Protein chains: 2
Amino acid sequence: MSTKVFLNEDEIPRQWYNLAADLPTPMQPPLGPDGKPISPDMLAPVFPMNLIEQEVSQQRWIDIPEEILEILYLWRPSPLYRAKNLEKALGTPAKIYYKNEGVSPAGSHKPNTAVPQAWYNKKFGIKKLTTETGAGQWGSALSFACSLIGLKCKVYMVRISFDQKPFRKLMMQVWGGECIASPSTQTKAGRDILAKYPDTPGSLGIAISEAIEEAVSDSTGQTRYSLGSVLNHVMLHQTIIGLEAKKQLAKIGEKKVDVVIGCAGGGSNFAGLAFPFVADKIHGANIDIIPVEPSSCPTLTRGPFTYDHGDVAKMTPLMPMYTLGHEFVSPPIHAGGLRYHGMAPLVSQAAVEGLIRPIAMDQLHCYNSALMWARTEGFIPAPETSHAIAAVIEEAKKAKEEGKEKVILFNWSGHGLMDLKGYESFMEGKLTDYPLPEKDLQASLKSLNGLPKAPAVKTGKW
Amino acid sequence: MSTKVFLNEDEIPRQWYNLAADLPTPMQPPLGPDGKPISPDMLAPVFPMNLIEQEVSQQRWIDIPEEILEILYLWRPSPLYRAKNLEKALGTPAKIYYKNEGVSPAGSHKPNTAVPQAWYNKKFGIKKLTTETGAGQWGSALSFACSLIGLKCKVYMVRISFDQKPFRKLMMQVWGGECIASPSTQTKAGRDILAKYPDTPGSLGIAISEAIEEAVSDSTGQTRYSLGSVLNHVMLHQTIIGLEAKKQLAKIGEKKVDVVIGCAGGGSNFAGLAFPFVADKIHGANIDIIPVEPSSCPTLTRGPFTYDHGDVAKMTPLMPMYTLGHEFVSPPIHAGGLRYHGMAPLVSQAAVEGLIRPIAMDQLHCYNSALMWARTEGFIPAPETSHAIAAVIEEAKKAKEEGKEKVILFNWSGHGLMDLKGYESFMEGKLTDYPLPEKDLQASLKSLNGLPKAPAVKTGKW
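All figures in this text were calculated on a predicted structure; none of them were measured in a lab.

About the thresholds
- Residues numbered from 1 in each chain as written.
- Chains lettered and ligands numbered in written order.
- Predicted model: local features only at pLDDT ≥ 70, side-chain atom pairs only at ≥ 80, totals over all residues.
- Heavy atoms only, no water.
- Helix = DSSP H or I, 4+ residues; strand = E, 2+ residues; numbered from the N terminus.
- Rg over C-alpha atoms; globule rule 2.2 N^0.38 Å.
- Contact = heavy atoms within 4.5 Å.
- Areas by Shrake-Rupley, 256 points an atom, 1.4 Å probe, with all protein chains shown as cover.
- Lys, Arg positive; Asp, Glu negative; His and termini not counted.
- Charge placed at Lys NZ, Arg CZ, Asp CG, Glu CD.
- Core = buried A, V, L, I, M, F, W, Y, C linked by side-chain atoms within 4.5 Å.
- Buried < 20%, exposed > 50% of the residue type's maximum accessible area, 1.4 Å probe, protein only.
- Pairing = 2+ DSSP bridges.
- Salt bridge = Lys/Arg side-chain N within 4 Å of Asp/Glu carboxyl O.
- Least-squares fit on C-alpha atoms with pLDDT ≥ 70 in both.
- Expected span 1.5 Å × (residues − 1).
- Disulfide = S-S within 2.5 Å.
- Phe/Tyr/Trp six-rings, centres within 6.5 Å; stacked < 30°, edge-to-face > 60°.
- Lys NZ or Arg CZ within 6 Å of the ring centre and 35° of its normal.
- Axes fitted to C-alpha atoms, helices over the stretch in contact; angles between N-to-C directions.
- pLDDT = per-residue confidence, 0-100.
- Buried area = accessible area lost by both parts, 1.4 Å probe.
- Polar contact = N/O pair within 3.5 Å; in protein donor to acceptor, adjacent residues only side chain to side chain.
- Nonpolar A, V, L, I, M, F, W, Y, C, P; charged D, E, K, R; others polar.
- Right-handed = clockwise from strand over helix to strand, strands pointing away.

### Side note on the overall build of chain A
Then, number 1: Scanning chain A from N- to C-terminus turns up 19 helices and 15 strands.
Then, number 2: Its C-alpha atoms give chain A a radius of gyration of 21 Å, within 12% of the compact-globule value 23 Å for 462 residues.
Then, number 3: Principal axes of the C-alpha set define a box for chain A whose edges measure 60 × 50 × 45 Å.
Then, number 4: Counting only contacts in chain A whose residues sit at least 6 apart along the sequence, the fraction spanning at least 24 positions is 78%.
Then, number 5: Accessible surface, chain A: about 15,900 Å² in total, of which carbon and sulfur atoms supply 53%.
Then, number 6: Of the side-chain charges in chain A, 48 are positive and 47 negative, and the distance between the mean point of each set is 2 Å.

Take a look at the structure:
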């Protein structure tokens, strides 16, 4: 068996898969500030209508335009690897496969949705996209996509990351993107915060507010906002990962997958790999599908399922999801992409149904797993990805104990070459675990008071 | 036509190509301090005998051991890309193909030789490798290789780079390598320099001296030294790049390559792609083969061909090569991998014969080309690689002027994700060109006084 399996470009999936079409219970709608379901029209100042149509679509398969594929070909289909060295080091009978999403120009799975989002906006006549970014993965992915498609890109980057992680900002600039620290003086939202807290380190919530404000206040109507996770159309675009994986496994005669694993922050890389397998599970397959989150930000494992805002400033609609409360402030773990208080509604509903089995991992355990990975499989994983790796190693050990030749598949969501400072702190013994204290969780959940409830509707089949 | 062409693992070349077997005039031997040719035995304290055999081999094809291939499969065969977006942006009739060597775990072509070097040392019973590194590409590649093969690795990193580029050091540490600043107090060579110049920023010459000293002074005989460029066996290992490219071009029916381009510092990435095409040229093919060097370190374009040392401290044998003199200090261009005073003897002899056509490029022109590349083709190139890109763009423009559908092939030797500071300086307008002043060249060439001459022997056929 080879170390990796390629697909040729003419074998790439030509449709995205929409899990909403197969979920056994319908998704509850997003709500406006008045508590009433919002209509597509209400989103029009923020997103172009062609993406809003995808956001609310119930269609199972959605065609990928040829022009989008032409750009995705720069790194897709991504290789499916078998982690033979790790298997050997663990002495496990399990077969460990992974999709290497680190091969994209921005180094993660994020361009899978950045490219279509930029393309649909361009198609709709938009000239400029705004967005926010925390650690910088998403901002760099969108800058890359806008560069190739011919849109302006403006990224509001949380000030503390802007100062601490200059390299992500430089990536955006190399691709012609404009990256400024948030809060900024360029928006009312930013100015208001700066007047009140001149020394604020910023937050994703504030950066979202600024990016949305700039988009909706462009009087020419040629600017829109773009989000890198959580939303239905983002999950949709990422499903190309899992669809490719299925073709690649079929190519090498691997008929049955036992365990599917991905790390989960907002949910997009997990959903991208997992949703096509969730569909199989809905139709009867026996698969253990595991989203892995940090114990310091245990949205799926310890948060309630209810309506909540996507941002601190409550600019977004209310979404039905697992959440730690929109005022949640995550401890400073290095996996910045996993420090989000909520979870994609589609992933949340799959969890409500019992179709997926969320777990949480401590930071030190993840770094230990990342080092073991780098020293056997070579590629240095992002801190987010290390959460998936930690779970893979546990599952492989379990397979060894059980003496079962399980097939484990996971999403290697990105490389860690821009995140080496975290490795340094870990190797110097300076990192600690931050399991979320119950009292902090309860305090954070108070921000849900007064918001409408989303009942956890499930069929009880899984 | 696809954006990229894969080879499956069972299509990988199973032998390396040795240009020494085909050069029309024999290579002149390396000389010892006494001016007499050195024997393989004299190298035995520094390198294991199996690599020394490759170093002096005249055999045309040398088998690649299966265990080495098993590790190379982590990223090889590397994809052959067609730069369709760049072609379109230039409006050129030329077809631009490139080998993407940035897909390796260390991000460049260097692991192609790091893995075999570590493997042969292990096979020979060696437990530890020492080496030097400037900017850190080579040190990280060797740390990666030693990690997977099971050797200790000790890297002497030039102090100024050690302080300025902490991320490369961290990569080495993630792979379990030990990386210390040079000069250090751990060797006599280091202590001597520190006693004389306590504040020295270090140099590659000093770091080489320290690494060799540690290797040869291990009384157990279980430590050897490893070099990432210049030597014959390094060129040999890199030829897998060009051999793969030939198979990939054949796969898509591309019968004739007109131009082959690679950047050249010590010569290894250029040689890796070019040597299989140099062989074709020796046998009658009409190919323009271009090594591209920086105008600030114009070894092939302005240096003489003669005997010189590989390092400042004169610890290495004298090698017949183009050189700027072993005391040459390159201006501070960001392409650290191209700041070497000498050139691989095999590349040098190909230049003497007229089989290759060296050119030199200014730094600003290269960065401009790198930005154009990133904004059309997506991947951010290393500053070294940008020299090849600048030449490719010039050749593509020439093809446009001539109205010729030329086939251009080049080596995209590595990504620039660890080199974003250079991009920052460029985008902020803080960089300048450093063409080497004639008086500085003449001053540097004085270090050749008293060394034996290497006559530029050529057949005059090219």
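### A look at the nonpolar core
Then, number 1: Ranked by internal contacts, the top residues of the largest apolar core, which has 271 residues, are Ile261, Val347 and Phe410 of chain A together with Ile261, Val347 and Phe410 of chain B.
Then, number 2: Those residues in contact with phenylalanine 410 of chain A that lie beyond four places of it in its chain are Ile96, Tyr97, Tyr98, Lys99, Ile261, Leu273, Trp373, Ala388, Ile389 and Val392 of chain A.

### Focus on the sheet that holds strand β5 (residues 95–100) of chain A
Residue and element names in this part refer to chain A.
Then, number 1: If you trace the seven strands from one edge of the open sheet to the other, you get β1-β4-β5-β15-β10-β11-β14, paired in mixed fashion. The open sheet has two free edges, formed respectively by β1 (4–5) and β14 (359–361), since each of these has just one partner strand.
Then, number 2: For β1 and strand β4 (residues 80–82), the ladder comprises two bridges, and the chain directions are antiparallel. When the bridges of β4 are listed, valine 5 appears paired with leucine 80.

### What to know about the pattern of salt bridges
Then, number 1: Summed over all chains, the structure comprises 50 salt bridges over all chains.
Then, number 2: The salt bridge involving lysine 246 of chain B is made with aspartate 280 of chain B; its shortest N-O contact spans 2.7 Å. Here the residue lysine 246 of chain B occupies a position in helix α12 (residues 240–251), and aspartate 280 of chain B occupies one in helix α13 (residues 268–282), the gap between them amounting to 34 residues.
Then, number 3: One salt bridge in this structure joins aspartate 258 of chain B and lysine 256 of chain B, with 3.4 Å as the shortest N-O distance.
Then, number 4: The network of salt bridges with shared partners includes Arg76, Lys99, Glu101 and Glu244 of chain A.

### Regarding the relation of the copies chain A and chain B
Then, number 1: Of the transformation placing chain A onto chain B, the axial shift is 0.0 Å and the rotation is 180°, giving an RMSD of 0.0 Å. One copy is carried onto the other by what is essentially a two-fold rotation axis.

### Details of helix α16 (residues 363–377) of chain B
Then, number 1: For α16 of chain B, with 15 residues, the first-to-last C-alpha span of 20 Å sits near the 21 Å given by 1.5 Å per residue.
Then, number 2: Looking at α16 of chain B, one finds that the buried residues are Gln363, Cys366, Tyr367, Ser369, Ala370, Leu371, Trp373, Ala374, Thr376 and Glu377 of chain B.

### Remarks on the state of the cysteines
All names here are of chain A.
Then, number 1: All told, the structure shown has zero disulfides over all chains when counted by the stated rule.
Then, number 2: A disulfide-free cysteine, cysteine 297 has its sulfur positioned 12 Å from the sulfur of cysteine 263, the nearest such atom.
Then, number 3: When its relative accessible area of 1% is taken as the criterion, cysteine 297 is described as buried.

### Focus on the packing of aromatic side chains
All names here are of chain A.
Then, number 1: Taken as a whole and assessed by the stated rule, the structure comprises 32 aromatic pairs over all chains.
Then, number 2: With centroids separated by 5.0 Å and ring planes inclined at 20°, the aromatic side chains of tyrosine 81 and tyrosine 98 adopt a geometry described as stacked. Here the residue tyrosine 81 occupies a position in strand β4, and tyrosine 98 occupies one in strand β5, the gap between them amounting to 17 residues.
Then, number 3: Judged by its relative accessible area of 4%, tyrosine 81 is buried.
Then, number 4: An aromatic cluster of at least three residues, connected via ring pairs, comprises Tyr81, Tyr98, Trp373, Phe379, Phe410 and Trp412.
Then, number 5: A cation sits over an aromatic face here: lysine 246 above phenylalanine 277, 5.2 Å from the ring centre.

### A short note on the sheet that holds strand β1 (residues 4–5) of chain B
Residues and elements named next belong to chain B.
Then, number 1: Strand order across the open sheet formed by seven strands is β1-β4-β5-β15-β10-β11-β14, with mixed pairing between neighbours. Both outer strands of the open sheet, β1 and β14 (359–361), are each paired with one neighbouring strand and no more.
Then, number 2: Relative to strand β11 (residues 288–294), strand β10 (residues 259–263) runs parallel, the two being bridged by five bridges. In the sheet register, valine 260 faces β11, and the bridge partner there is isoleucine 289.
Then, number 3: On top of the sheet, α12 reaches β1, β4 (80–82), β5 (95–100) and β15 (407–412); it is set at about 135° to β5, its chief contact.
Then, number 4: The strands touched by α16 within the sheet are β4, β5, β14 and β15, with β14 carrying the most contacts at an inclination of about 80°.

### Examining the confidence of the model for chain A
Then, number 1: Overall, the prediction assigns chain A a mean pLDDT of 95, with 100% of residues at 70 or greater.
Then, number 2: As scored by the predictor, the complex reaches a pTM of 0.97 and an ipTM of 0.96.

### Focus on helix α18 (residues 420–427) of chain A
Then, number 1: Within α18 of chain A, six of the eight residues are buried, which leaves the element mostly enclosed by the surrounding structure.
Then, number 2: Those residues of α18 of chain A that sit buried are Leu420, Gly422, Tyr423, Glu424, Ser425 and Phe426 of chain A.

### Looking at the interface of chain A and chain B
Then, number 1: Listed as interface residues are 46 residues of chain A and, on the opposing side, 46 residues of chain B.
Then, number 2: The junction of chain A with chain B conceals about 3,800 Å² of combined surface from both sides, 65% of it contributed by carbon and sulfur atoms.
Then, number 3: For chain A, the biggest contributors to the area lost against chain B are Phe6, Leu74 and Val174 of chain A; these three give 17% of the whole.
Then, number 4: Inspection of the chain A/chain B interface yields four salt bridges.

### Description of the environment of serine 2 of chain A
Then, number 1: On the secondary structure map, serine 2 of chain A appears in the segment before β1.
Then, number 2: Separated by 163 residues in the primary sequence, serine 2 of chain A and lysine 165 of chain A place their C-alpha atoms 37 Å from one another.
Then, number 3: Once you skip the residues sitting within four places of it in the chain, serine 2 of chain A turns out to touch Arg82 and Lys84 of chain A together with Glu9 of chain B.

### Observations regarding the side chain of asparagine 112 of chain A
Residue and element names in this part refer to chain A.
Then, number 1: Examined against the element boundaries, asparagine 112 turns out to sit in helix α5 (residues 111–123).
Then, number 2: There is a polar contact of 2.9 Å between the side chain of asparagine 112 and the side chain of glutamine 238.
Then, number 3: If sequence neighbours within four positions are ignored, asparagine 112 has contacts with Leu72, Trp75, Arg76, Glu101, His237, Gln238, Ile240 and Ile241.

### Notes on the environment of serine 184 of chain B
Residues and elements named next belong to chain B.
Then, number 1: Structurally, serine 184 can be placed in the loop between β8 (178–182) and α9 (188–196).
Then, number 2: When the C-alpha positions of serine 184 and isoleucine 333 are compared, they lie 25 Å apart, and in sequence the two are 149 residues distant.
Then, number 3: With residues up to four places along the chain from it excluded, the contact list for serine 184 reads Tyr156, Gly190, Arg191, Leu194 and Glu210.
Then, number 4: There is a polar contact of 3.1 Å between the side chain of serine 184 and the backbone nitrogen of glutamine 186.

### Quick notes on the side chain of glutamate 214 of chain B
All names here are of chain B.
Then, number 1: Here glutamate 214 lies in helix α10 (residues 204–216).
Then, number 2: Judged by relative accessible area, which is 16%, glutamate 214 ranks as buried.
Then, number 3: In terms of polar contacts, glutamate 214 uses its side chain to reach the side chain of lysine 154, at 2.8 Å.
Then, number 4: Looking at glutamate 214, its side chain comes within polar contact range of the side chain of tyrosine 156, at 2.5 Å.

### Things to note about the packing of α9 of chain B against α10 of chain B
For any two helices packed against each other, one specifies the crossing angle of their axes together with the interaxial distance.
All names here are of chain B.
Then, number 1: The geometry of α9 relative to α10 is characterised by a closest axis approach of 8 Å and an angle of 145° between their N-to-C directions. Of the residues in α10, those touching α9 at Lys188, Ala189, Gly190 and Ile193 are Ile206, Ser209, Glu210 and Glu213.
Then, number 2: Among the residues making up the contact of α9 with α10, the classes are represented as three nonpolar, two polar and three charged.

### With respect to the pairing of β11 of chain B
Residues and elements named next belong to chain B.
Then, number 1: The buried fraction of β11 is high, at six of seven residues.
Then, number 2: In this region the chain leaves β10, passes through α13 and returns to the parallel neighbour β11; the handedness of that crossover is right-handed.
Then, number 3: Sheet topology places β11 next to β14; three bridges connect them, and they run parallel. Bridging across to β14, glutamate 293 finds its partner in alanine 360.

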